[in-house]
Amino acid sequence: MEATGTDEVEKIKSKFISAWNNMKYSWVLKTKTYFSRNSPVFLLGKCYHFKTDESGELSTEGSNFDKINTEISGNVEEFRKDFISRIWLTYREEFPQIKGSALTTDCGWGCTLRTGQMLLAQGLMLHFLGRAWVWPDALDIDGSDAESWTAHTVKKLTASFEASLTAEREPKILSNHHHRQGKLKRNCDATEMRNEVYHRKIISWFGDSPLAAFGLHQLIEYGKKSGKIAGDWYGPAVVAHILRKAVEEARDPELQGVTVYVAQDCTVYSSDVIDRQCSCVDSGKAATKAVIILVPVRLGGERTNMDYLEFVKGILSLEYCVGIIGGKPKQSYYFAGFQDDSLIYMDPHYCQSFVDVSIKDFPLESFHCPSPKKMSFKKMDPSCTIGFYCRTVQDFEKASEEITKMLKLSSKEKYPLFTFVKGHSRDYDFVSSPLHEERDLFSEEEKKRLKRFSTEEFVLL
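Every chain is numbered on its own, with residues counted from 1 as its sequence reads. Where totals are concerned, whole chains, interfaces and linings use all residues; where local detail is concerned, this predicted model gives features only for residues with pLDDT of at least 70, and gives and counts side-chain atom pairs only at 80 or more. In computing side-chain properties, one takes all heavy atoms of the structure into account and sets aside hydrogens as well as water.

Trainee: Residues and numbers for unusual backbone geometry, please.
Mentor: The backbone of Leu44 shows a phi angle near 45°, a positive value even though the residue is not glycine. For Glu94, which is not a glycine, the phi torsion comes out positive at approximately 65°. Secondary structure counts use DSSP, requiring at least four H or I residues in a row for a helix and at least two E residues in a row for a strand, with both numbered from the N terminus. Note that Glu94 resides in the loop between strand 4 (92-93) and helix 3 (111-128). Glu94 sits in the exposed class, given a relative accessible area of 55%. Note on exposure labels: buried denotes an accessible area under 20% of the residue type's maximum, exposed denotes more than 50%, and partly exposed covers the range between, all computed with a 1.4 Å probe on protein chains only.

Trainee: Summarise the packing of aromatic side chains; cite the residues concerned and give the values.
Mentor: The description of two aromatic rings rests on the distance between their centres and on the angle between their planes. Pairing of aromatic rings covers Phe, Tyr and Trp, the last through its six-membered ring, and needs centres within 6.5 Å; plane angles under 30 degrees mean stacked, over 60 mean edge-to-face, and all others mean tilted. Across all of its chains, the model carries 19 aromatic pairs by this definition. A ring pair is formed by Tyr320 and Phe388, whose centres lie 6.5 Å apart and whose planes are at 50°; its orientation type is tilted. Taken together, the positions of Tyr320 in the loop between helix 9 (309-316) and strand 10 (321-328) and Phe388 in strand 15 (residues 383-390) put the pair 68 residues apart, joining distant regions of the chain. A single burial state applies to Tyr320 and to Phe388, both of which are buried. Linked through ring pairs, Phe311, Tyr320, Phe388, Phe396, Phe418 and Phe420 together constitute an aromatic cluster. Of note, Lys374 hangs over the ring of Phe35, and the distance from its end group to the ring centre comes to 4.7 Å. Here, a charge over a ring is recorded when the distance from Lys NZ or Arg CZ to the ring centre is within 6 Å and its angle to the ring normal is within 35 degrees.

Trainee: I'd like to hear about the side chain of Thr112, residue by residue, with values.
Mentor: Secondary-structure assignment places Thr112 in helix 3. Nitrogen and oxygen atoms within 3.5 Å of one another constitute a polar contact, given that in protein one can donate a hydrogen and the other can accept it, and given that sequence-neighbouring residues count only through two side-chain atoms. A polar atom in the side chain of Thr112 sits 2.9 Å from the backbone oxygen of Tyr234.

Scope: geometric values only; no functional claims are made or implied.
Take a look at the structure:
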């Protein structure tokens, strides 16, 4: 009876926290975000410009962008479509109870797990859908009946995006090419159907149920191996290791072609990465895996060092970047782009109702954010995790060369933010955990490292 009373208290407490977070953060979601028409906007490697003239030239004075190959991807409407197409994972409430607790919401403590989920989701979108994919219904989100977003609210949220072009979304096809048009339509329909299947499947992997491969329930189970429990604070480095374990343990055949590597002490050991990519798939069948590389770093001491600004901007300018798990003190955000000295992010702090992703045609609207937010780089907490996606070994080798050059250009001090080193970690007297561990999901070395990360990182609300 006493346990039942405690559970009731926890449920009431959870509801109060959910209500408080919604009151605290909903006004932020409803405020306008202003973008300059005079500066390029970068979103996960794509460049957009909002100028109304037709010159199409970028203003890149005072930065290292002349060293990066940039291509203008489109105007305001195309930027909105691209941003809204990213998967947005926020606090949820009234989901199945988390094992070992009375919690049915992650309000107030799960934001870094959510930003980690968003980064992994972007990696999986690159893997299954490609960077060019956009959700066909992205610009129709304001007409949805989703509980969290009314049409009026979304119109207010997107008011700052005053599109200068009103061209038709689909290219015109001459009327005397009916046969070719019909064939093209059938091919497009087949491709769209395939993409929509993967779109829904990726979201379902992050569902808030015990069976979802990368859902909150599973991530918390893996976190227990490092001493974390539901309701604890999680930092960006700890979440990186939890995501790696979640991908390793995933049993869906579709996920056997993806692996995750976490850098050790700001060092990426190339041979360790390639070993992961060339590891066996499906019980002995040799194949090359795609890899998501996660690099936990600190961009300074107590505060973020502004010398790292150009490097962070350079990283977010790469198409194989899958974002940054970071934030500002006491709040975690998923950073996906920038304009000038402001970072563009998605905020997980809005509490939405549980969506059962196991049902057919579950509503998608609450998994897509209708409006980006901006934050000055100098407000960023120095502790973060940077993510990259490489489909092949050749892609990894090319990426390591490109990022190494970028690190050298941005490093004003003796040591770069992180490094790529040839060879295995064991060659440098580091203990490297095996690719496929037995019962214990974290090695003793990893547990020590996770414990250190837990004490060093910022507290998240």
